[in-house]
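Residues per chain are reported as follows:
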Amino acid sequence: MKPGIWAITSEKNFAGKSSIIEIILWCLRGMPKDLQGDVRKWLSWVTLDFLVDAQPYRIEFTVEAGVPTGTLMLIRPGGAPTIVDRFSSDEGFAAAMSQFMMNTLDLDPIPAMQGKEGDKTAVEHGWTALSGGLYFGGDHKLLLGDVQMGGLPARMLQMYVGLPWALTVMQARTVKKEVEQEQDQSYKAAARAAAEATKARTRLETDLAGAQKTLAGLSL
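Residues numbered from 1 in each chain as written. Predicted model: local features only at pLDDT ≥ 70, side-chain atom pairs only at ≥ 80, totals over all residues. Heavy atoms only, no water.

Draft legend 1. Representation of helix H1 (residues 17-29). With 13 residues, H1 should reach 18 Å at 1.5 Å per residue; the first-to-last C-alpha distance of 19 Å fits that figure. Restricting attention to buried positions, one finds in H1 the residues Ser19, Glu22, Ile23, Leu25, Trp26, Cys27, Leu28 and Arg29. For H1, the elements touching its buried residues are helix H2 (37-42), strand S1 (45-52), strand S2 (55-64), strand S3 (67-75), helix H3 (90-104) and helix H4 (127-130). (Helix = DSSP H or I, 4+ residues; strand = E, 2+ residues; numbered from the N terminus. Expected span 1.5 Å × (residues − 1). Buried < 20%, exposed > 50% of the residue type's maximum accessible area, 1.4 Å probe, protein only. Contact = heavy atoms within 4.5 Å.)

In structure tokens, the structure reads:
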């Protein structure tokens, strides 16, 4: 496809227009997004040619029982392919495309804190999340991508439009939240320890007073 506006059309609905987009997205993500299970079972062989900075690449794989097995290739000027990576499972396909896209597009994972309040952990959103900027479809619940947690859509937008130091700010904020959570947990642990010590001291003082009273009775 050359620059311009392109359309995938059919005379009737449910002819597979969305499936074409979903299969292309599967190739570029290494992981299906909304590809229907029955459509995936119908597939036996898939190939996709694409460009990154005018450099041609090709993804080619067979599908057996819904599982992809294939290669990611760089296409040389003479047309000869050079294998970049191989995969033989859903996980392998996702890992291959993630490593390739993050390195080739010079992208960094977006850090965020995730989990219940007071027990959050730092996570990194990589290619699976960032590839949400390739395709705007579905019900448009989010500005970008598929993950709402951690304010990821807004963070992706900041990164894609090239706001200065956007990723650095995200990383600093995540580290700051980690440190604050560790401090809060440390304070709470210290408070619990102090409370337990107070209870133990009170219990010992009560036991000691009782023992002294008993001892005084025996002396009489």
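Draft legend 2. The arrangement of the side chain of serine 131 in detail. Locating serine 131 in the fold gives a position in the loop between H4 and helix H5 (152-160). Excluding residues that lie within four positions of it along the chain, serine 131 makes contacts with Arg29 and Tyr160.

Draft legend 3. Main features of the nonpolar core. Among the nonpolar cores identified, the biggest contains 36 residues, and Phe50, Ile59, Phe61 and Leu130 are the most heavily contacted of them. Only H1, S1, S2, S3, H3, H4, H5 and helix H6 (166-219) provide two or more residues apiece to this core. Here this core gets six residues from one element, more than from any other, and that element is H3. Look past the residues within four positions of leucine 130 in its chain and what remains in contact with it is Met102, Leu107, Asp108, Ile110, His125, Met156, Met159 and Tyr160. (Core = buried A, V, L, I, M, F, W, Y, C linked by side-chain atoms within 4.5 Å.)

Draft legend 4. The arrangement of the sheet that holds S3 in detail. One open sheet accounts for four strands, arranged S1-S2-S3-S4; its pairing is antiparallel. Edge positions in the open sheet fall to S1 and strand S4 (81-87), since each of these has one partner strand only. The mean inter-strand angle of the sheet, taken between neighbouring strand axes irrespective of direction, is 20°. As paired elements, S2 and S3 share eight bridges and run antiparallel to each other. For valine 63, the partnering residue across the bridge sits in S3 and is proline 68. On the sheet, H1 packs against S1, S2 and S3 and is oriented at approximately 65° with respect to S1. Across the sheet, H3 is in contact with S1, S2, S3 and S4; its angle to S4 comes to roughly 130°. (Pairing = 2+ DSSP bridges. Axes fitted to C-alpha atoms, helices over the stretch in contact; angles between N-to-C directions.)

Draft legend 5. Representation of the packing of aromatic side chains. Summed over the entire model, instances satisfying the criterion amount to eight aromatic pairs. On the basis of an interplanar angle of 80° and a centroid distance of 6.3 Å, the ring pair of phenylalanine 50 and phenylalanine 100 is categorised as edge-to-face. Placement of phenylalanine 50 in strand S1 and of phenylalanine 100 in helix H3 is noted, with a sequence separation of 50 residues between them. Summarising the burial analysis for this pair, phenylalanine 50 and phenylalanine 100 share the class buried. Of the aromatic side chains, those joined through ring pairs into one cluster are Trp26, Phe61, Phe87 and Phe93. (Phe/Tyr/Trp six-rings, centres within 6.5 Å; stacked < 30°, edge-to-face > 60°.)

Draft legend 6. Structural context of the environment of serine 88. Note on placement: serine 88 falls in the loop between S4 and H3. The exposure class assigned to serine 88 is exposed, which follows from its relative accessible area of 51%. Not counting the four nearest positions on each side in its chain, serine 88 is found in contact with Val67, Pro68 and Thr69.

Draft legend 7. Geometry of H5. The set of residues buried in H5 consists of Leu152, Pro153, Arg155, Met156 and Met159. The arc that holds every buried residue of H5, seen down its axis, measures 165°, which confines them to one face. Glycine 162 sits one or two positions beyond H5 and adopts a positive phi of about 80°. (Arc of directions from axis to C-beta.)

Draft legend 8. Fine view of the environment of glycine 126. Within the secondary structure layout, glycine 126 lies in the loop between strand S6 (121-125) and H4. Spatially, the C-alpha atoms of glycine 126 and serine 19 are 24 Å apart, while their sequence positions differ by 107 residues.

Draft legend 9. Focus on the environment of valine 52. With respect to the helices and strands, valine 52 occurs in strand S1. For the pair valine 52 and methionine 101, spaced 49 residues apart in sequence, the C-alpha separation works out to 9.4 Å. Residues within four places of valine 52 in sequence aside, it is in contact with Tyr57, Thr104 and Leu105.

Draft legend 10. Structural detail: the pattern of salt bridges. A full pass over the atoms with the stated rule returns three salt bridges. One salt bridge in this structure joins aspartate 49 and arginine 58, with 2.6 Å as the shortest N-O distance. With relative accessibility at 25%, the residue arginine 58 sits in the partly exposed group. (Salt bridge = Lys/Arg side-chain N within 4 Å of Asp/Glu carboxyl O.)

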